[in-house]
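Coordinate analysis (summary)
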Amino acid sequence: MILKPQSFEPLGKKVILAFEELGRMSLLAQDFFYWIGIAPLQGKRALRRSSFADQLLFMGNESLTIVFLVTVSVGAVLALQAAYQLNQFGAAMYTGALVSVSMARELGPLVTAIIIAGRVGASITAELGTMKVSEEVDALITMGIPPIPFLVVPRMLAMLVMLPVLTVLSFALGIFGGYLIGVFALGLDGISYLKESFDALVTKDILTGTAKSFIFALLVGLIATYKGLHVKGGAEGVGRSTTESVVYSIIAIIISDAILTAVFFYAFP
Amino acid sequence: MKTVLEVQNVHKWFGTRRILNGINLQVREGETLVIMGGSGGGKSTLLRILIGLLRPDQGQVFILGKDIAQARDEEKDEVRKKFGMLFQGSALFNSLSVGENVALPLREHTNLDYEIIRIIVKVKLELVGLTGFENHRPYEISGGMKKRVALARAIALDPTLVFYDEPGAGLDPITASVIDQLILDLTRKLKMTSVVVTHEMTSAFRIADRMIVLHKGEIVASGPPDEIKHSKHPYVQQFIHGEIDDNVLSQESRSKYLQSIFGTEDYD
């Protein structure tokens with residue numbers, strides 16, 4: 001088969017579209033930072049407190065149970081897999097250390113962010129998308145109410161607060177899951193398991209893990225609100241955007257996790 | 001009388017398609033102007049330009065003396081506080097109660113006390129005949145009621161000008177005429193100016209002081225309802241009587257059909 005120059009046209013179009021989308025998303029980010037940073041100084045009302053509180057409550061409430069179930073299981077699985085290897089060196093007592101450090105540095109932020117992208121990010125996109133297709137966003141604009149502080153700011157801020165909170169919680173839950181396996185399945189001593197877990201953890205582990213969760217929150221929040229506000233094509237469009245929101249969020253989380261881990265690895269050895 | 005809305009030589013293209021071609025119109029204080037036209041005639045685009053959701057490619061739109069087509073976002077927001085808009089699907093916020101929906105513009109744009117806002121909301125809801133519905137949710141009330149709540153929200157800030165997008169769409173004839181009556185009453189009681197976009201004939205002739213008919217992006221007729229009724233323009237007559245244009249189907253069919261299957265018009 002001979003490849004004609006035209007064969008690359010669809011690919012080129014896709015690349016251009018992707019860059020356009022990235023550009024528009026960074027404009028949304030710029031708007032968001034304008035509204036939380038500069039607008040209040042100009043005397044504009046940037047935060048609707050009750051709406052922010054509603055979003056916080058919604059996010060925490062919706063995801064706490066899932067975060068609990070998943071991170072306890074991840075901690076437990078990690079303990080089992082670690083013990084399987086460490087046993088070969090007679091080092092099963094270090095299971096707790098391995099679990100706590102991997103939860104704080106890597107798995108806690110990653111797993112929690114993915115859960116939030118699926119649970120909260122999707123619902124933000126669906127909600128804003130529905131508002132968009134039923135002309136509610138247009139109604140806001142024609143009432144002279146800018147949609148960014150009204151719709152985006154409370155959701156983004158709630159995300160930036162709630163994801164790190166849930167992430168810190170996930171450290172504890174992961175350690176708890178590891179503890180259950182360590183004590184009840186591997187027969188390790190409970191006190192020394194916990195001591196081992198916390199001795200191995202240093203402040204840097206907690207800080208880098210939490211820092212990651214802020215970046216993830218920013219990415220998930222931006223993708224979810226952007227996808228919601230740019231829905232096209234009625235109810236079907238809302239469904240498509242919601243799926244894209246989750247897929248893009250998860251890809252963004254994992255790629256940025258790789259980059260951040262490398263940055264932290266070399267910047268804070 | 002004062003001119004509330006003035007449109008000068010507005011053009012709009014979507015890509016290579018021309019949607020509006022040199023629209024000129026004026027609306028005077030206290031007048032009800034009905035914009036009629038078939039689907040694809042450009043009336044929704046014109047309305048979106050009037051309320052500042054779309055920028056025209058050429059031309060000016062003065063609302064209360066301010067050119068909304070060229071204004072910056074903040075200036076637009078100032079103008080928008082002075083007019084109301086009733087959307088086709090009501091566009092009520094489902095996360096808010098009926099009362100909160102009506103209160104929203106007041107909360108956002110005034111420093112009025114909570115109690116005072118509550119009273120204003122009560123009054124506005126009474127004006128549209130929905131006393132005591134404050135605590136209902138939008139999904140708990142009927143389509144006609146939603147339209148009325150949306151109307152109450154549109155007039156919450158006592159605007160001088162209100163736009164209506166297909167006020168009778170999706171409603172039964174009786175409810176639609178109730179909405180028409182409300183528009184008439186409010187226009188008189190509150191001395192408002194109204195611009196109504198619709199394709200429903202009965203409703204249009206009932207409420208209009210003046211009408212314009214849009215066809216293929218141009219105003220083909222304009223004047224008081226009686227004049228429009230007796231207009232000689234073939235499209236206007238056809239539109240009023242709901243007749244099928246013999247040309248419409250045959251004009252488009254062969255080339256469109258070929259285009260749709262072969263991607264070209266000159267297949268043979």
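Bear in mind that the values here come from a model prediction, so they are computed numbers and not experimental data. (Residues numbered from 1 in each chain as written. Chains lettered and ligands numbered in written order. Predicted model: local features only at pLDDT ≥ 70, side-chain atom pairs only at ≥ 80, totals over all residues.)

Helix and strand counts for chain A stand at 8 helices and 0 strands. Each helix and strand of chain A, placed in order from N terminus to C terminus, yields the pattern α-α-α-α-α-α-α-α. Expressed along its principal axes, the backbone C-alpha trace of chain A runs to roughly 65 × 60 × 35 Å. Within chain A, buried positions represent 43% of all 269 residues. For chain A, the proportion of contacts with a sequence separation of at least 24, taken over those separated by at least 6, is 87%. (Helix = DSSP H or I, 4+ residues; strand = E, 2+ residues; numbered from the N terminus. Buried ≥ 20, exposed ≤ 12 C-beta atoms within 10 Å, placed from the backbone. Contact = placed C-beta atoms within 7 Å.)

Now for the overall build of chain B. Check the secondary structure of chain B and you find 10 helices and 10 strands. For the C-alpha atoms alone, the extent of chain B along its principal axes is close to 75 × 40 × 40 Å. Among the 268 residues that make up chain B, the fraction classed as buried is 37%. Summarising the internal contacts of chain B: among those between residues at least 6 apart in sequence, 63% fall at separations of at least 24.

All names here are of chain B. On the basis of which strands lie adjacent, the open sheet formed by 4 strands has the order β2-β1-β4-β5 and antiparallel pairing. The open sheet terminates on both sides in strands that have one partner only, identified here as β2 (17-28) and β5 (66-67). Taken together, the 2 bridges between strand β4 (residues 58-63) and β5 define a ladder with antiparallel strand orientation. Counterpart to Phe62 in the pairing with β5 is Asp67. Sheet strands touched by helix α1 (residues 43-50): β1 (3-14), β2 and β4. Its angle to β2, the strand with the most contacts, is close to 60°. (Pairing = 2+ DSSP bridges. Axes fitted to C-alpha atoms, helices over the stretch in contact; angles between N-to-C directions.)

The subject of this paragraph is the domain arrangement of chain B. Residues and elements named next belong to chain B. The domain boundaries assigned to chain B delineate domain 1 (1-82 + 161-175 + 189-253) and domain 2 (83-158). Here the C-alpha centroids of domain 1 and domain 2 sit 26 Å apart. With 17 residues of domain 1 at the contact, the number on the domain 2 side is 14 residues. If one sorts the elements of the side of domain 1 that touches domain 2 by residue count, strand β7 (residues 161-165) sits on top with 5 residues. For the side of domain 1 that touches domain 2, a count of residues per class yields 10 nonpolar, 2 polar and 5 charged. (Domains from an automatic or database assignment. Nonpolar A, V, L, I, M, F, W, Y, C, P; charged D, E, K, R; others polar.)

Right, let's talk about the sheet that holds strand β6 (residues 83-86) of chain B for a bit. All names here are of chain B. Taken in spatial order, the 6 strands line up as β6-β7-β8-β3-β9-β10 in an open sheet, and their pairing is mixed. Both edges of this open sheet fall to β6 and β10 (218-223), since each of them pairs with a single strand only. The sheet shows a mean angle of 15° between the axes of neighbouring strands, direction not considered. Direction of pairing for strand β3 (residues 32-37) relative to strand β9 (residues 210-215): parallel, over a ladder of 5 bridges. Looking across to β9, one finds that Met36 is bridged to Val213. Running over the sheet, α1 touches β3, β7, β8 (193-197) and β9 and is turned about 145° from β8.

Counting residues at the interface gives 10 residues for chain A and 14 residues for chain B. Residue composition of the side of chain A that touches chain B, grouped by class: 4 nonpolar, 3 polar and 3 charged.

Moving on: the confidence of the model for chain B. Of the residues in chain B, 91% have a pLDDT of 70 or more, and the chain-wide mean is 88. Under the prediction, the complex receives an ipTM of 0.85, its pTM being 0.88. (pLDDT = per-residue confidence, 0-100.)

Attention now moves to helix α5 (residues 147-184) of chain A. Residue and element names in this part refer to chain A. When the terminal C-alpha atoms of α5 are compared, their 53 Å separation across 38 residues agrees well with the 56 Å that a helix rising 1.5 Å per residue should span. Of all the bends in α5, the largest measures some 35° and sits at Val153, one to four residues before the proline Pro154. Burial within α5 is extensive, with 27 of its 38 residues counted as buried. (Expected span 1.5 Å × (residues − 1). Bend = angle between axes of the 7 residues up to and from the residue.)

Given a rise of 1.5 Å per residue, 30 residues ought to cover 44 Å, and the 42 Å separating the end C-alpha atoms of helix α1 (residues 9-38) of chain A matches this to within 8%. Of all 30 residues in α1(A), 2 are buried; the element is thus mostly exposed.

Here we take up the packing of helix α3 (residues 98-109) of chain B against helix α5 (residues 143-154) of chain B. Between two packed helices, what matters for the description is the angle formed by their axes and the separation of those axes. All names here are of chain B. At their nearest, the axes of α3 and α5 sit 8 Å apart, and the two run at 25° to each other. Between α3 and α5, the interaxial angle falls into the category roughly parallel. Taken as a pair, α3 and α5 cross one another with a handedness that is right-handed. Here Val98, Asn101, Val102, Leu104 and Pro105 of α3 come into contact with α5, specifically with Val149, Ala152 and Arg153. Classifying every residue of the contact of α3 with α5 gives 6 nonpolar, 1 polar and 1 charged. (Parallel < 35°, antiparallel > 145°, perpendicular 65-115°, else oblique. Left-handed = near helix turned anticlockwise from the far one by under 90°.)

Turning our attention to the nonpolar core. Ranked by internal contacts, the top residues of the largest apolar core, which has 131 residues, are A:Ala113, A:Val220, B:Val34, B:Ile35, B:Leu86 and B:Phe163. No other element matches the 18 residues that helix α3 (residues 95-133) of chain A contributes to this core. When residues of this core are assigned to domains, at least three map to each of domain 1 (1-82 + 161-175 + 189-253) and domain 2 (83-158) of chain B. Look past the residues within four positions of A:Val220 in its chain and what remains in contact with it is A:Ala113, A:Ile116, A:Ala117, A:Gly121, A:Met159 and A:Ser249. (Core = buried A, V, L, I, M, F, W, Y, C linked by C-beta atoms within 7 Å.)

In this section: the pairing of β6(B). Residues and elements named next belong to chain B. Side chains Phe83 and Met85 project from β6 onto one buried face, and the interleaved Gly84 and Leu86 project onto a second face that is buried too. Where β6 and β7 come together, 4 bridges link them in parallel fashion. Residue Leu86 lies in a different strand from β7, and its bridge partner there is Tyr164.

Residue and element names in this part refer to chain A. Interaxial distance between α1 and α5 falls to 10 Å at its minimum, and their mutual angle equals 90°. Here α5 runs roughly perpendicular to α1, going by the angle between their axes. Contact residues: α1 offers Asp31, Phe32, Trp35 and Ile36, while α5 offers Ile148, Pro149, Val152, Val153 and Met156. Looking at the contact of α1 with α5 residue by residue, the class counts come to 8 nonpolar, no polar and 1 charged.

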